[in-house]
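Spelled out from the first residue to the last, the chains are:
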Amino acid sequence: MTGKLPHVKVAPKGMGLNDFVAYEEGFYADEGIEVELDWKTFRGTQSSWKKYDYFQRPQDKPYTEGGGEQVVQCACVWGTISNASAGMGRMVADCHGVSPWAIFVRPESKIRRPGDLKDVPIAVGMRAGSHFNVPFRLEKYLPLEHIKTANVGGFGARLAALLDREIEAASLLPPQIDMAKQLGLREIIADEFHTLWWVPESTPREEVRAYLRALDRAIAASPAASASSTSRSPARSSRACSSRSSAGASISISRNARSTNSSTTPRPDRHSMATNDQRLSRTALVTGAARGIGLATAEALLAAGHRVAMVDKDADAVRSAAGKLPSDRVLGLVQDVAHLDAGGNLDEAVRKRWEPVTILVNNAGIPSPRRSGRAAGLLETTLEEWNAVLEVNLSAALRLCRAFIPFMRERRWGRIVCVSSLAGRSRTYISGVSYMAAKAGLLALSRSIAGEFGRDGITANCVAPGYIDTAMAALHGADKNAEIARQIPVGRAGTPQEVAAAIAFLASDEAGYMTGAVVDINGGLFMA
């Protein structure tokens, strides 16, 4: 220690690595302070302290053991308020951080959804973020008396307790979340929470601001943070800056606040509850993905950076299609979506490899029955044929939405796109009554979902392709297709890629204000 600069002692937490980056890069000295990292407290907060009560935890001891040596620390909003109100320093209210949070279970666990955590002890830390966050997040799924927490201590201790089978579920923060995913543990519920800093009462405010500015520089110096910060641009203003670190936590610092009033913190995006890594790379599921519009959609979503589960009942075709795409972000699944258990089967299959689905594209469809090379008329269509078409084209979409919407609600982000048709928008002579009814039903289904779940951050939209160059269009024959093409203002058939581009947009963050809409892709053949 040189003694030339004001001395600040800091105990980093496991929610971010920014303290270490700022230390190694010399950002503290650049901001006019000399920082000492409190390794003893840091190691303690990472390890088990399940035998300790409040005031006895490692992070409490710098304040409770005397000697006058106090340190700057960070914790969830609730924990910081508890610590500061208990006399352990004061809150720094003109800044905030954001940390991902999730509950994980082992792969073989029977726990599948938040409601399954009834009376299940969940590993947390005493008066730590998880201690408050677990009941806060689960109370909409379970009565409070059935939400159980077990104090096992620090961040690493919770993951260890889960792996050692001492506990059935664990509340985790970065970097343990990434570790859990790499180890194949299953995520049950995830969200974010705000963090705050607390400091000794005697710490000069300018030294605190210098420390926070150094953290902000550490975040900005991370390439991963720079990429993710652009996705949070709505939270930026001339008075505050918010960006995310490579470890998953972000910091927002009020630049010109003259007091500790928190009114300068940016307004969070109401539905941006997923982490930035998730915003850039989500799990999508596309049905009917072996060929045509479904395959093109899988390729478009991959190009957008997402992971894609490609679903089709044609085992050879979907495996062949998936095998030609990047293997680390593609999962080929064989499933007849008309099966009553298709939603649960697909949800389970996806969760074994990735986090659950938040982008659902209902594309699978079959044509109306045919008679002598044409679609069967109303009086010719049997009840069995009618039901078969509606099961695949409409009821399957309903069941998949029911399977995946609960997790989308937990994340407060979801995109559902149903592939309807010009046949669902206007009468056509080649589609058949069952196909037309099913495709019209998708429009109503999407509007219903849009109205019911919009406040949960979930959008539901339809694309309505007209004449597209696919295997289904080929069923009409070359002469009929040529006749149709002559009637289209643009003078040609559309391509699967043109439909897929619209679907990829509707699945994006930028389409968050579009819901209950129908995008017509028909070359001008039908104009509403």
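The shown structure was predicted, so the numbers you read here are calculated from the model rather than taken from an experiment.

A. Summary view of the overall build of the protein chain. Along the backbone of the protein chain there are 19 helices and 19 strands. In the protein chain, the proportion of contacts linking residues at least 24 apart, taken out of those at least 6 apart, comes to 75%. Carbon and sulfur atoms make up 53% of the accessible area of the protein chain, which totals about 22,700 Å².

B. Expanded view of the packing of aromatic side chains. Scanning all chains against the criterion turns up one aromatic pair. Both rings, one in Tyr28 and one in Tyr211, keep their centres 6.1 Å apart while their planes meet at 15°; by these two values the pair is stacked. Note that Tyr28 is positioned in helix 2 (residues 27–30) and Tyr211 in helix 9 (residues 205–220), a separation of 183 residues in sequence. The pair formed by Tyr28 and Tyr211 is uniform in burial state, with each residue classed as buried.

C. Up close: the confidence of the model for the protein chain. Considering every residue of the protein chain, the mean pLDDT works out to 79; 80% of them sit at 70 or more. Per-element averaging of pLDDT across the protein chain places strand 9 (residues 240–244) at the bottom with 34 and strand 14 (residues 359–362) at the top with 98. Contacts for the low-pLDDT stretch residues 223–249, under 50 throughout, to residues beyond four places or in other chains number 71 contacts. For residues 253–280, every residue scores under 50 in pLDDT, and the model assigns this stretch 72 contacts once sequence neighbours within four places are set aside.

D. Just the pairing of strand 18 (residues 458–465), in detail. Of all eight residues in strand 18, eight are buried; the element is thus mostly enclosed. Residue alternation in strand 18 divides its side chains into two sets, Ile458, Ala460, Cys462 and Ala464 and Thr459, Asn461, Val463 and Pro465, and both sets are buried. Pairing between strand 17 (residues 414–419) and strand 18: six bridges, direction parallel. If you follow Ile416 over to strand 18, its bridge partner there is Ala460. The sheet contact formed by strand 18 and strand 19 (residues 518–521) spans four bridges and is parallel. Bridge pairing in strand 19 places Cys462 opposite Val518.

E. Layout of the pattern of salt bridges. Within the structure shown, the criterion is met by 23 salt bridges. The closest approach of N and O atoms between Arg217 and Asp30, which form a salt bridge, is 3.3 Å. With a gap of 187 residues between them, Arg217 in helix 9 and Asp30 in helix 2 connect regions that are remote in the sequence. Taken together, the shared-partner salt bridges connect Asp30, Glu31, Glu206, Arg213 and Arg217 into one network.

F. Quick look at helix 16 (residues 433–453). Over its 21 residues, helix 16 extends 30 Å from the first C-alpha to the last, a length consistent with the 30 Å expected when each residue adds 1.5 Å. Among all positions in helix 16, only Ser434, Tyr435, Ala438, Lys439, Gly441, Leu442, Leu443, Leu445, Ser446, Ile449, Ala450 and Phe453 are buried.

G. Spatial organisation of the sheet that holds strand 12 (residues 307–312). Strand order in the open sheet made by the seven strands is 13-12-11-14-17-18-19, with parallel pairing throughout. In the strand order of this sheet, the two ends are held by strand 13 (330–334) and strand 19, each with one partner. Strand-to-strand twist in this sheet, taken as the mean axis angle between neighbours without regard to direction, amounts to 15°. Across the sheet, helix 14 (residues 342–351) touches strand 11 (283–287), strand 12 and strand 13, and the angle it forms with strand 13 is around 150°.

H. Structural detail: the side chain of Thr297. Inspection of the secondary structure assignment puts Thr297 in helix 12 (residues 292–303). According to the relative accessible area criterion, Thr297 is buried, its value standing at 1%. Those residues in contact with Thr297 that sit more than four places away from it in its chain are Val286, Val361, Ala500 and Ile503.

I. Spotlight on the pairing of strand 17. Buried residues dominate strand 17, accounting for six of its six residues. Taking every second residue as pointing to the same face, both faces of strand 17 are buried, with Gly414, Ile416 and Cys418 on one and Arg415, Val417 and Val419 on the other. By the bridge criterion, four bridges tie strand 14 to strand 17 in an arrangement that is parallel. By the bridge assignment for strand 17, Asn362 is matched with Cys418.

J. Fine view of the environment of Arg370. Within the secondary structure, Arg370 sits in strand 15 (residues 370–371). Given a relative accessible area of 28%, Arg370 falls into the partly exposed group. Measuring from C-alpha to C-alpha, the distance between Arg370 and Gly432 comes to 8.3 Å, with 62 residues separating the pair along the chain.

K. Quick look at unusual backbone geometry. Despite not being glycine, Asp119 shows a phi value in the positive range, around 60°. Note that Asp119 resides in the loop between strand 4 (90–105) and strand 5 (121–124). Within the chain, Arg412 stands out as a residue other than glycine whose phi angle is a positive 55°. Here Arg412 shows up in the loop between helix 15 (383–411) and strand 17.

L. Broad picture of helix 9. The end-to-end C-alpha distance of helix 9 is 23 Å, a good match for the 22 Å that 16 residues give at a rise of 1.5 Å each. Of all the residues in helix 9, the buried ones are Glu207, Val208, Arg209, Ala210, Tyr211, Leu212, Ala214, Leu215, Asp216, Ala218 and Ile219.

M. Quick peek at the side chain of Arg399. Along the polypeptide, Arg399 turns up in helix 15. Among the polar contacts listed, one links the side chain of Arg399 to the side chain of Glu391, at a separation of 2.9 Å. Among residues more than four places away in sequence, those in contact with Arg399 are Val337, Ala338, His339, Leu340 and Glu391.

N. Seen up close, the packing of helix 14 against helix 15. Two elements in contact, helix 14 and helix 15, have axes whose closest approach is 7 Å; the angle formed by their N-to-C orientations is 40°. Of the possible angle classes, the one that applies to helix 14 and helix 15 is oblique. Note that helix 14 runs across helix 15; the crossing there is right-handed. Contacts between helix 14 and helix 15 pair Ala342, Gly343, Gly344, Leu346, Asp347 and Arg351 from the former with Leu400, Ala403, Phe404 and Phe407 from the latter. Classifying every residue of the contact of helix 14 with helix 15 gives six nonpolar, two polar and two charged.

Criteria and cut-off values
- Counting starts from 1 at the beginning of each chain's written sequence and moves along it residue by residue.
- Totals for whole chains, interfaces and linings use all residues, but because this is a predicted model, local features are given only for residues with pLDDT of at least 70 and pairs of side-chain atoms are given and counted only at 80 or more.
- As a rule here, side-chain values cover all heavy atoms of the structure and leave hydrogens and water aside.
- Helix and strand definitions here come from DSSP, where helices need a minimum of 4 consecutive H or I residues and strands a minimum of 2 consecutive E residues; each element is numbered from the N-terminal end.
- Residues are treated as being in contact if the distance between any of their heavy atoms lies within 4.5 Å.
- The Shrake-Rupley method, run with a 1.4 Å probe sphere, supplies the accessible areas, and residue values consider only the shown protein chains as cover.
- To pair, rings of Phe, Tyr and Trp, with the six-membered ring standing in for Trp, must have centres within 6.5 Å; the planes then decide the type, stacked if under 30 degrees apart, edge-to-face if over 60, and tilted in the middle.
- Buried residues are those whose accessible area, probed at 1.4 Å on protein chains only, stays under 20% of the maximum for their type, while exposed residues exceed 50% and partly exposed ones sit between those limits.
- Confidence of the predictor at the level of single residues is captured by pLDDT, which takes values from 0 to 100.
- Here, strands pair whenever DSSP counts at least two bridges between them.
- Every case where a carboxyl oxygen of Asp or Glu lies within 4 Å of a side-chain nitrogen of Lys or Arg is listed as a salt bridge.
- The span you would expect from a helix comes to 1.5 Å times its residue count less one.
- With axes taken as lines fitted to C-alpha atoms, and helix axes fitted only over the stretch in contact, angles between N-to-C directions fall between 0 and 180 degrees.
- We define a polar contact as two N or O atoms separated by no more than 3.5 Å, with the added condition that, inside protein, one atom must be a possible hydrogen donor and the other a possible acceptor, whereas residues neighbouring each other in sequence contribute only through side-chain atom pairs.
- To sort the angles, those under 35 degrees are grouped as roughly parallel, those over 145 as roughly antiparallel, those from 65 to 115 as roughly perpendicular, and the leftovers as oblique.
- By definition, any crossing whose near helix is turned counterclockwise from its far helix by less than a right angle is left-handed, and any crossing with a clockwise turn is right-handed.
- Under the scheme applied here, ten amino acids are nonpolar (Ala, Val, Leu, Ile, Met, Phe, Trp, Tyr, Cys and Pro), four are charged (Asp, Glu, Lys and Arg), and all others, including Gly, are polar.

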